[in-house]
Every structure is written in structure tokens, then in C-alpha cells.
Amino acid sequence: MTADQGTTEAPRRGVSTIPRGEFHRRRRQLMGMMEPNAIAIVPAARLAIRSRDTEYAFRQDSDFHYLTAFPEPDAVAVLLPGREHGEYVLFCHEKDPVQELWLGERIGAEAACERFAADDAFPLSDIDDILPGLIEGRGRVYYSMGRSPDFDARIMAWVNSIRAREASGATPPGEFTDLDHLLHEQRLFKSAAELRQLRHAAAVSVAAHRRAMRQCRPGIYEYQLEAEMLHEFSRHGARCAAYPSIVAGGDNACTMHYTANEQRLKSGDLVLIDAGCEYRCYASDITRTFPVSGRFSRRQRKLYDIVLAAQEAAFERLAPGQDWDAAHRASVEVITHGLLELGLLKGSFRKLIDDGAYRDFYMHRVGHWLGLDVHDVGDYRPGGEWRELEAGMVLTVEPGLYIAPDNESVPAPWRGIGIRIEDDVLITDRGYELLTKGLPRSADEIEEWMA
Ligand code: GLY
Ligand code: MN
Ligand code: MN
């Protein structure tokens, strides 16, 4: 138990960072999948203006981070399989004592080689002179097109500068391939070191949800519960939420992406919190829905138990070899069955499923990949077929049931209730591992924790 009101248990501290050698292995693996005689170009994120001369906190691009661990904006990583003088070239900001006096250390090209294992590193100011020479003679360019119009234009300018010299014997690349397909397939399978970060992120978010449940009482504002979450994230070194936190009391829970978080919580209402921290670039994503006053009403509990059963049914479909959609179908069946039993849907079970009648009440999928990005990368339907789960994949399981305040197909007392239960899991050889352990989930557990 921690000192502050004894509400939370501190997650284990001091999770080691991912060893540098792993980033080297990732680059080698990617290069091993590229066509021979190709080049890959991966830009870092840029700073974004928040207002006038103030920027948003910098967050590295996930693909760039995955391959380099290099933490600065604007850099460009270049992979050149088979290049005699080194396969990994990095362009980055130069060291600049005046800038560094104000903004802190810049790594610079020399230290980029020593500390980040680049084979060659050059100042960004030289990229227009050097990069066309690296592209020239390579048959294929791998690059994630369409994310940044500015960077797309620079790629074309570098290629066109080679085309302009074709008459003097220069050979421009003939093929352009989206890098995402190869890189995102690789990112889908998490390493042991990545799992340590994901487990830690999950543990911090569990502590934050436990804290928010204990601090909740009628009359406080949604943003005050958000503050409890953020406090717990930050004090464990997870300085950002992985996505804008949702703290939605009463009707607000029926708005899927409600992030205003500015209303007062009322006794008798439920509150839905969908919030998770980001720890060293790795996301967690947890939702709990609980009564503002600490006790579920009869109706609230009936709906809650349906969502809980839907989540249990989905968990049972998580194992290698199960297709990705099986968990979703299982959750749809439980929710449809539950709504039928309560008389909130009418008709035959099979026909309701076939007609998608649940979609008025459950309008999202049961989950998504989780990793460096909260909605992490990786194909769900490669080749048009739902993908089979495999060990090493990490995903969320988050069925929900939302009865909009204006849903006139159900009697008024049921309206304005939104419930989601969301946990994070790792697919293992034998089934799955719950990453978000230790957080009250059933209605009884929640009432007991809040009491
Ligand atoms: N928090 C975003 C999601 O649950 O997908
Ligand atoms: Mn989610
Ligand atoms: Mn979520």
C-alpha cells in the first residue's frame, strides 16, 4: 500500500529499458524481409505547435522508435541491406551549444553512432546532398507513403534529383513499396523486453483505476477523477496517457469518445472510465464502469453482468489458432442473448444475430491490437480472412453495452446507461495471459473495493 490514502498498490519500479541490441536485431530482421538491393527510409516525428510558440510534448513516431530508440525529432533513419560501409545510416540534428543551453542535450551525429549503433550518422543539414547518393542504384524504395505530405515531397525531390542525372548514367529506383506491411507485421509480435514494458504500463493503469474507484463520490467532477488517474500515471514515471482519457458519468457513457470530462457525477449514475497510461512509448488501455455511489442499482447490475459475461465468453476464445473474429462473435452472442432475456430485444436469437440487432447497443468491435500505439499496427484480415491468433500478440478485450438516452425502442428506465469493461491480454502458447491483473472486474468486486 502506498502512503496516499492507502488506495493503491505501487507497481514494481525500475523496469529495465529495452536493450540496444534488440533494436539492432529488429533492423536486421526488417532488412532480411526486404527485397534485395532495396533501401528503407523512416522519418522521426516532428514537433507540433500547440499554440503560438508553444509545442505539444514530443512523442517519437512509433515505427521510428521501434527501429532506432533515437529520441529526437526530425531525424531520418535509412536502412541499406548489404551496404559495405554500414547498413544503418542516421541523419540527425547537429550539436548546437546555444540550443542546448535552452533545450538540453542534443545527441549529435558522433554520439548517434556510439550510443545508438548507427553505422554512419550525418547532420540533417547534409541530407539533400547525401541521401540521393544512397538511394541511387537501389532498385526499390520502402517508405510509408501518405503520412506526411511534406516528407512525401522530399522523397520525390531526392528521387527526381537522381532522375535528372539519368542521362549521365545515374540509375533512379524503379519501384516504391509501402514499408508498413513488413514493419507492422514485425511489430505485431511482442518480444520479452516489450512485454516487460507493456506489463508495467498495465500495472500502473490498474493502480490508477483502483485509485479512481476509491476516490469517487457523488458531486465531484469528471475531471477530478481524470486527475486521480493522471496523478497515479505520473508518479510511476508514465508521464502521458496513451490516449485522451474518457471519464463519462451517466448518459455521457453512451458517447463513445466522450473526452470533455467536465460534468458533475450524480448519485445513482454509473461512471465509465476508459484511460490508460503510456510507459516508455508502450500503451495500456483499460475501461471500468462503476456506480458513482458505490452500489449498482438492480437494472445497472443486470446490464453489467451481461457485459461481464460477454467479456468472459470472449476470453474463452483467446488461444493460438482461434481466429480473431471468434472472440467478437462470442461477445455478440452473449449480448444479444442478454438483451433478449431482459426483453430489450425481441424476436428469434438467430434472426437478431443475422440482422445485427445488437449494433444499436454494441457498436464497436471486441478489441484491437495494443503495443507502441494504443490501436496498434498489424493486419486483422490478411488476404481477406480473419487472422488466426498467435503467441506474442497483445490485444484488448472490451465488449460494451450502451443504451442511448434517446433509444425509444427500450423502456425509459433502461435508457442513458453505458457500460464497457476493457482489459489487456497477451496471447500465449496455451491461451492467454491477463496483463491488467488485480483490478476489480465483477460488480461484487467493484462494490467491495469502493465500500
Ligand atoms: N481507448 C480507446 C479504445 O478503447 O479503443
Ligand atoms: Mn481499447
Ligand atoms: Mn479503451
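These notes cover the structure that comes with them. In this text, all values refer to a predicted model and were calculated from it rather than measured experimentally. (Residues numbered from 1 in each chain as written. Chains lettered and ligands numbered in written order. Predicted model: local features only at pLDDT ≥ 70, side-chain atom pairs only at ≥ 80, totals over all residues. Heavy atoms only, no water.)

**Here's the deal with the pairing of strand β1 (residues 38-43)**
As a general feature of sheets, a regular strand has side chains that alternate between the two faces.
Next, step 1: The element β1 is extensively covered by neighbouring structure, given that 5 of its 6 residues are classed as buried.
Next, step 2: Pairing between β1 and strand β7 (residues 140-143): 3 bridges, direction parallel. Counterpart to Ile39 in the pairing with β7 is Val141.
Next, step 3: When β1 meets strand β4 (residues 76-79), the two strands line up antiparallel, connected through 4 bridges. (Buried < 20%, exposed > 50% of the residue type's maximum accessible area, 1.4 Å probe, protein only. Helix = DSSP H or I, 4+ residues; strand = E, 2+ residues; numbered from the N terminus. Pairing = 2+ DSSP bridges.)

**Side note on the sheet that holds strand β5 (residues 88-92)**
Next, step 1: Reading across from one edge, β6-β5-β4-β1-β7-β8 is the order of the 6 strands in this open sheet, with mixed pairing throughout. Of all strands in the sheet, those with a lone pairing partner are β6 (120-123) and β8 (175-178), marking the two edges. Strand after strand, the sheet turns through a mean of 20° between neighbouring axes, direction not considered.
Next, step 2: Judged from the 4 bridges that link them, β5 and β6 form a sheet pairing that is parallel. In the strand pairing of β6, Leu90 is matched with Ala121. (Axes fitted to C-alpha atoms, helices over the stretch in contact; angles between N-to-C directions.)

**A look at the pairing of β4**
Next, step 1: Neither face of β4 is exposed, since Val76 and Val78 on one face and Ala77 and Leu79 on the opposite face are all buried.
Next, step 2: Strand direction decides the pairing type here: β4 and β5, joined by 4 bridges, are antiparallel. Across the sheet, the residue bridging to Val78 is Val89, located in β5.

**Some words on the sheet that holds strand β19 (residues 432-434)**
Next, step 1: Spatial ordering of the open sheet is given by β15-β18-β19, a layout of 3 strands whose pairing is antiparallel. Each edge of the open sheet carries a strand with a single partner, namely β15 (394-397) and β19. Neighbouring strand axes in the sheet, compared pairwise and without regard to direction, differ in orientation by 35° on average.
Next, step 2: Pairing between strand β18 (residues 423-427) and β19: 3 bridges, direction antiparallel. Opposite Leu426, over in β19, you have Glu433 as the bridge partner.

**Topic: the coordination of the manganese ion (ligand 3)**
By definition of the ideal shapes, a tetrahedral metal site with four donors has angles of 109.5 degrees and an octahedral site with six donors has angles of 90 or 180 degrees.
Next, step 1: At the metal site, the manganese ion (ligand 3) is ligated by Asp274 (OD), Asp274 (OD), Asp285 (OD) and Glu422 (OE), and these contacts range over 2.0 to 2.4 Å.
Next, step 2: One way to put it: the 6 donor atoms around the manganese ion (ligand 3) meet at angles of 56 to 169°, and that makes the site irregular.
Next, step 3: Written as a sequence motif, the donor arrangement for the manganese ion (ligand 3) is D-x10-D-x136-E.
Next, step 4: Between the manganese ion (ligand 3) and the manganese ion (ligand 2) the interatomic distance amounts to 3.3 Å, and Asp285 serves as a bridging ligand to the pair. One end of the pair, Asp285, is in the loop between β13 (282-283) and β14 (286-291); the other, Glu422, is in the loop between β17 (417-420) and β18, with 137 residues separating them in the sequence. For the pair Asp285 and Glu422, one class covers both residues: buried. (Donors = N, O, S within 2.8 Å, 3.2 Å for Na, K, Ca; no water. Tetrahedral: all angles 85-135°; square planar, octahedral: opposite > 155°, others 65-115°.)

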